[in-house]
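For reference, the chains in residue letters:
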Amino acid sequence: MDYGLKSASEPMHVDRKLLYTSLEERIKYLHHFLDFNSSDVEALMTGSKYIKQLIPAVVNLVYKKLLEYDITSRAFHTRTTVIETEPEEDYLHEEAPQIKRRKMFLRWYLTRLCQDPTTMEFWRYLNKVGMMHSGQVRRSPLNIEYIHLGVCMAYIQDIWIEAMMSHPHLSLRRKIALVRAVNKILWIQNDLFARYHVHDGDEFADEMSELSFDDREGYLGDKKILGSSSSSSVDDDRSSISSGVAPSTHSAAPSSNPAASKTSVCPFAELGERSSTETKIWAN
Ligand code: HEM
């Protein structure tokens, strides 16, 4: 699909089949629709420090929430929300070793969200997380119904918005940029959960190119890179104000598209070069 400039009257063509058979094309469409651009990438790169600071609290709150209801808590015994039989052993609590191990998975995942979103690897990982909760993985399937995944994403988003907007030192401009960028990613992840639960495009199921044999077998792999994400050297706005220098000039990340400085195979890296849009919703 080509999202180049078109005349105002001519809509951009989106190939329906490709949305189901090509992960790249699906992601390209979602990016374009959401206007995921260089401002979002810069906000993520320069703000990863703040995201990382929130990870332990987010993980604890999410697990507390999931253990609050029998239907979600049971999934940590049975790997499914479909079967309602009570587990033979006691319900797990937050300090149980199994839950501590799973908290680590979620921490890895959230750390991964702080990495470079201009690579296709980044979105492939999010897609694998989506698929692995859908019961479609053959070895030890994990079947979490969409209602729980959707509401869990909304819960993470709610924590995120509250935490970012109440940050004591960041400027409103940077808060807005970070909230917007992370929300776009969370909604794309939400799509990558939903796509394995809705039946849209089922007629193309045999042609889904991105699901390799390994994916079907499960396991997200390459966890070793998760701990190694680069941390931003950008300080918060309190210190940048006191030093009299605008935050972006401290940035370890390039101010334009970071993909340009690396060889990226990401087919939509150039999307990051589009200029940002603001809704200007309160302008009048
Ligand atoms: C919606 C946001 C969610 C995210 C981002 C998420 C993320 C993850 C990740 C990254 C893993 C580890 C995969 C691996 O490396 O093998 C995982 C495993 C798991 N998730 Fe989720 N999850 C979410 C929601 C849920 C919900 C709502 C439930 C239950 C109701 C759930 C139950 C599980 C279970 C049981 C495992 C397997 C743990 C194991 O193998 O020991 N997840 N999840």
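Residues numbered from 1 in each chain as written. Predicted model: local features only at pLDDT ≥ 70, side-chain atom pairs only at ≥ 80, totals over all residues. Heavy atoms only, no water.

> Help me get a handle on the coordination of the iron atom of the ligand, residues and values and all.
For a metal bound by four donors in a tetrahedral arrangement, the ideal donor-metal-donor angle is 109.5 degrees, while six donors in an octahedral arrangement ideally sit at 90 or 180 degrees. Counting protein donors around the iron atom of the ligand gives one, His133 (NE2), at 2.1 Å. Positionally, histidine 133 belongs in the loop between α7 (120-132) and α8 (146-165). (Donors = N, O, S within 2.8 Å, 3.2 Å for Na, K, Ca; no water. Helix = DSSP H or I, 4+ residues; strand = E, 2+ residues; numbered from the N terminus.)

> Please provide a residue-by-residue account of the packing of α7 against helix α9 (residues 172-194), values included.
Two numbers describe how α7 lies on α9: the axes approach to 8 Å, and their chain directions differ by 45 degrees. The orientation of α7 with respect to α9, classified from their angle, is oblique. Viewed along their axes, α7 and α9 form a crossing whose handedness is right-handed. Facing α7, whose interface residues are Phe122, Trp123, Leu126, Asn127, Val129, Gly130 and Met131, α9 presents Ile185, Ile188, Gln189, Leu192 and Phe193. Its residues placed into classes, the contact of α7 with α9 shows nine nonpolar, three polar and no charged. (Axes fitted to C-alpha atoms, helices over the stretch in contact; angles between N-to-C directions. Parallel < 35°, antiparallel > 145°, perpendicular 65-115°, else oblique. Left-handed = near helix turned anticlockwise from the far one by under 90°. Contact = heavy atoms within 4.5 Å. Nonpolar A, V, L, I, M, F, W, Y, C, P; charged D, E, K, R; others polar.)

> Tell me what's going on with a nonpolar patch on the surface, and back it up with residues and numbers.
On the surface, a nonpolar cluster with roughly 320 Å² of combined accessible area is contributed by Ile161, Met165, Leu172 and Ile176. Those elements giving two or more residues to the nonpolar patch turn out to be α8 and α9. Within the fold, leucine 172 resides in helix α9. (Patch = residues over 30% accessible without salt bridge, like charges linked within 9 Å, V, L, I, M, F, W, Y side chains within 5 Å. Areas by Shrake-Rupley, 256 points an atom, 1.4 Å probe, with all protein chains shown as cover. Salt bridge = Lys/Arg side-chain N within 4 Å of Asp/Glu carboxyl O.)

> Describe the nonpolar core, with residues and values.
Membership of the largest hydrophobic core comes to 54 residues, with the highest contact counts inside it found for Trp123 and Leu126. Those elements that provide at least two residues to this core are α2 (23-34), α3 (38-66), α5 (75-78), α6 (97-113), α7, α8 and α9. A per-element tally of this core places α3 first, with 13 residues. The residues touching leucine 126, leaving out its near neighbours within four places in the chain, are Tyr109, Leu113, Ile185, Gln189 and Leu192. Listed in part, the five residues of the second largest apolar core include Met1, Tyr3, Leu19 and Tyr20. (Core = buried A, V, L, I, M, F, W, Y, C linked by side-chain atoms within 4.5 Å. Buried < 20%, exposed > 50% of the residue type's maximum accessible area, 1.4 Å probe, protein only.)

> Quick one: what's the story with α7, residue by residue and with numbers?
Relative to the 18 Å expected for 13 residues at 1.5 Å per residue, α7 spans 18 Å between its end C-alpha atoms, a close match to the ideal helical length. Regarding α7, the residues found buried are Met120, Phe122, Trp123, Tyr125, Leu126, Asn127, Val129, Gly130 and Met131. (Expected span 1.5 Å × (residues − 1).)

> Before we move on, can you summarise the environment of glutamate 88 with the specific residues and values?
Positionally, glutamate 88 belongs in the loop between α5 and α6. Using a relative accessible area of 84% as the deciding quantity, one classes glutamate 88 as exposed. With 11 residues separating them along the chain, glutamate 88 and histidine 77 place their C-alpha atoms 8.9 Å apart.

> Lay out the packing of α3 against α8 with the relevant residues and their values.
Where α3 contacts α8, the axes come no closer than 10 Å and their chain directions differ by 140 degrees. With respect to their mutual orientation, α3 and α8 come out oblique. As for how α3 packs across α8, the hand of that crossing is right-handed. Side by side, α3 and α8 meet where Tyr50, Ile51, Leu54, Val58, Leu61, Val62, Lys65 and Leu66 of the first sit next to Cys152, Tyr155, Ile156, Ile159, Trp160, Ala163 and Met164 of the second. Its residues placed into classes, the contact of α3 with α8 shows 14 nonpolar, no polar and one charged.

> Explain the pattern of salt bridges residue by residue, including any values.
Under the counting rule described, the total for this entry stands at 13 salt bridges. Put simply, aspartate 191 and arginine 26 hold a salt bridge, and the shortest N to O gap is 2.8 Å. You can see aspartate 191 sitting in helix α9 and its partner arginine 26 sitting in helix α2, a full 165 residues away along the chain. Taken individually, aspartate 191 and arginine 26 each receive the classification buried, so the pair is uniform in this respect.

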